[in-house]
Amino acid sequence: MKNILDALVQVEKNRAILILNKAATLNIEIQIKIINEEKVLFAKLKKIGQRKHFYITSNASILESKPDVTLKIIFLNKLFFLKTNIKKYNDDYYFENYENFFELVRRKNPRFQIPLNWPQSAMIQSVETVNGLRSLAIILEMSKSGMKLTIVPVLPRYDKNQVIKLKFRVFKRGEIALSAKIVHL
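Residues numbered from 1 in each chain as written. Predicted model: local features only at pLDDT ≥ 70, side-chain atom pairs only at ≥ 80, totals over all residues. Heavy atoms only, no water.

1. Overview of the overall build of the chain
Here is step 1 of the chain: Regarding its fold elements, the chain presents 1 helix and 15 strands.
Here is step 2 of the chain: Here the C-alpha radius of gyration of the chain, 22 Å, is well above what a compact globule of 185 residues would show, namely 16 Å.
Here is step 3 of the chain: Considered along the principal axes of its C-alpha atoms, the chain spans approximately 70 × 35 × 30 Å.
Here is step 4 of the chain: Within the chain, the fraction of its 185 residues that count as buried is 30%.
Here is step 5 of the chain: Within the structure as shown, the chain displays about 12,800 Å² of accessible surface, and the carbon and sulfur contribution to it stands at 53%.
Here is step 6 of the chain: Charged side chains in the chain number 32 positive and 16 negative. The centres of these two groups are separated by 9 Å. (Helix = DSSP H or I, 4+ residues; strand = E, 2+ residues; numbered from the N terminus. Rg over C-alpha atoms; globule rule 2.2 N^0.38 Å. Buried < 20%, exposed > 50% of the residue type's maximum accessible area, 1.4 Å probe, protein only. Areas by Shrake-Rupley, 256 points an atom, 1.4 Å probe, with all protein chains shown as cover. Lys, Arg positive; Asp, Glu negative; His and termini not counted. Charge placed at Lys NZ, Arg CZ, Asp CG, Glu CD.)

Written out as structure tokens, the structure is:
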């Protein structure tokens, strides 16, 4: 398995500030992990004024004596990490350093979400049996190298590494039929 550190890509400072601003504006919940501790703090970011400080909106008193943290931010189906140190001003905790802002990029090809309001049809069928497993599916995401499906209903059961036939149609495009392999369940 690929080491997670090999999949981290440093984000330039201007883009990091944009992502943090969006996370604060959209009130996205972030996770704060204190270095060398197991506890994870859930919080939100708040921007006050034009300064490039981001405040932590949480009962963050645990951060007072342990300023080195890693923030985990999930935004637009992307995973970001920021290693920074927390400072205190009055009763508020904030950070102003974004130099160690990274995106976790595991996939060679980006995945695209299929909007729920787009008409679609999808069906998978087991290759191993003649009249065997056959299920309707909903396409959640697709990329050049794979798809994420929800199988309806839960039964029948499919297995990892099983070869299947997949037929699908998204929006106003023609139907596509192909052979595929289940990589993850």
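2. Re the side chain of H53
Here is step 1 of the chain: With respect to the helices and strands, H53 occurs in the loop between β3 (40-47) and β4 (54-57).
Here is step 2 of the chain: Take H53: its relative accessible area is 6%, and that puts it in the buried class.
Here is step 3 of the chain: Within the structure, the side chain of H53 is placed 2.6 Å from the side chain of E96, a separation counted as a polar contact.
Here is step 4 of the chain: Leaving out residues up to four positions away in the same chain, H53 has contacts with K46, K47, Y94, F95, E96 and Y98. (Polar contact = N/O pair within 3.5 Å; in protein donor to acceptor, adjacent residues only side chain to side chain. Contact = heavy atoms within 4.5 Å.)

3. Focus on the sheet that holds strand β5 (residues 68-75)
Here is step 1 of the chain: The strand order across the open sheet formed by 9 strands is β1-β9-β6-β5-β2-β3-β4-β8-β7, and the pairing between neighbours is antiparallel. Lying at the two open borders of the sheet, with one neighbouring strand each, are β1 (8-10) and β7 (87-89). On average, each strand axis in the sheet is inclined to that of its neighbour by 40 degrees, with strand direction left out of account.
Here is step 2 of the chain: The strands that helix α1 (residues 13-25) touches are β3, β4, β5, β6 (78-85), β8 (92-95) and β9 (101-104); relative to β3, the one it contacts most, it runs at about 100 degrees. (Pairing = 2+ DSSP bridges. Axes fitted to C-alpha atoms, helices over the stretch in contact; angles between N-to-C directions.)

4. Thoughts on the nonpolar core
Here is step 1 of the chain: Counting residues in hydrophobic clusters, the biggest one holds 28 residues, and the most contacted among them are L20, I32, L45, L63, F95 and F101.
Here is step 2 of the chain: Within the residue set of this core, elements represented by two or more residues are α1, β2 (29-34), β3, β4, β5, β6 and β8.
Here is step 3 of the chain: Sorting elements by how many residues they give to this core places α1 first, with 6 residues.
Here is step 4 of the chain: Core analysis: the next-biggest nonpolar cluster, separate from the first, contains 11 residues, I124, L166, F168 and I182 among them. (Core = buried A, V, L, I, M, F, W, Y, C linked by side-chain atoms within 4.5 Å.)

5. Overview of the environment of D159
Here is step 1 of the chain: Locating D159 in the fold gives a position in the loop between β13 (147-152) and β14 (163-170).
Here is step 2 of the chain: Note: C-alpha distance between D159 and T70 (89 residues apart in sequence) is 37 Å.
Here is step 3 of the chain: Those residues in contact with D159, other than ones at most four positions away along the chain, are I182 and L185.

6. Points about the pairing of β13
Here is step 1 of the chain: In the sheet, strand β12 (residues 134-142) pairs with β13 via 6 bridges, with the strands oriented antiparallel. When the bridges of β13 are listed, L136 appears paired with V152.
Here is step 2 of the chain: Remark: 4 residues form the turn of the hairpin made by β12 and β13, two consecutive strands paired antiparallel.

7. Some points on the packing of aromatic side chains
Here is step 1 of the chain: Summed over all chains, the structure comprises 6 aromatic pairs.
Here is step 2 of the chain: Both rings, one in F54 and one in F95, keep their centres 5.8 Å apart while their planes meet at 25 degrees; by these two values the pair is stacked. On the criterion of sequence distance, the pair formed by F54 in strand β4 and F95 in strand β8 is long-range, its members being 41 residues apart. Accessibility assignment for this pair places F54 and F95 in one class, buried.
Here is step 3 of the chain: When the centroid spacing of 4.8 Å and the interplanar angle of 35 degrees are considered together, the rings of W118 and F171 count as tilted. Note that W118 is positioned in the loop between β10 (112-113) and β11 (120-126) and F171 in the loop between β14 and β15 (176-181), a separation of 53 residues in sequence.
Here is step 4 of the chain: You can call W118 partly exposed: its relative accessible area is 35%. (Phe/Tyr/Trp six-rings, centres within 6.5 Å; stacked < 30°, edge-to-face > 60°.)

No statement about biological role is implied by the geometric values presented.
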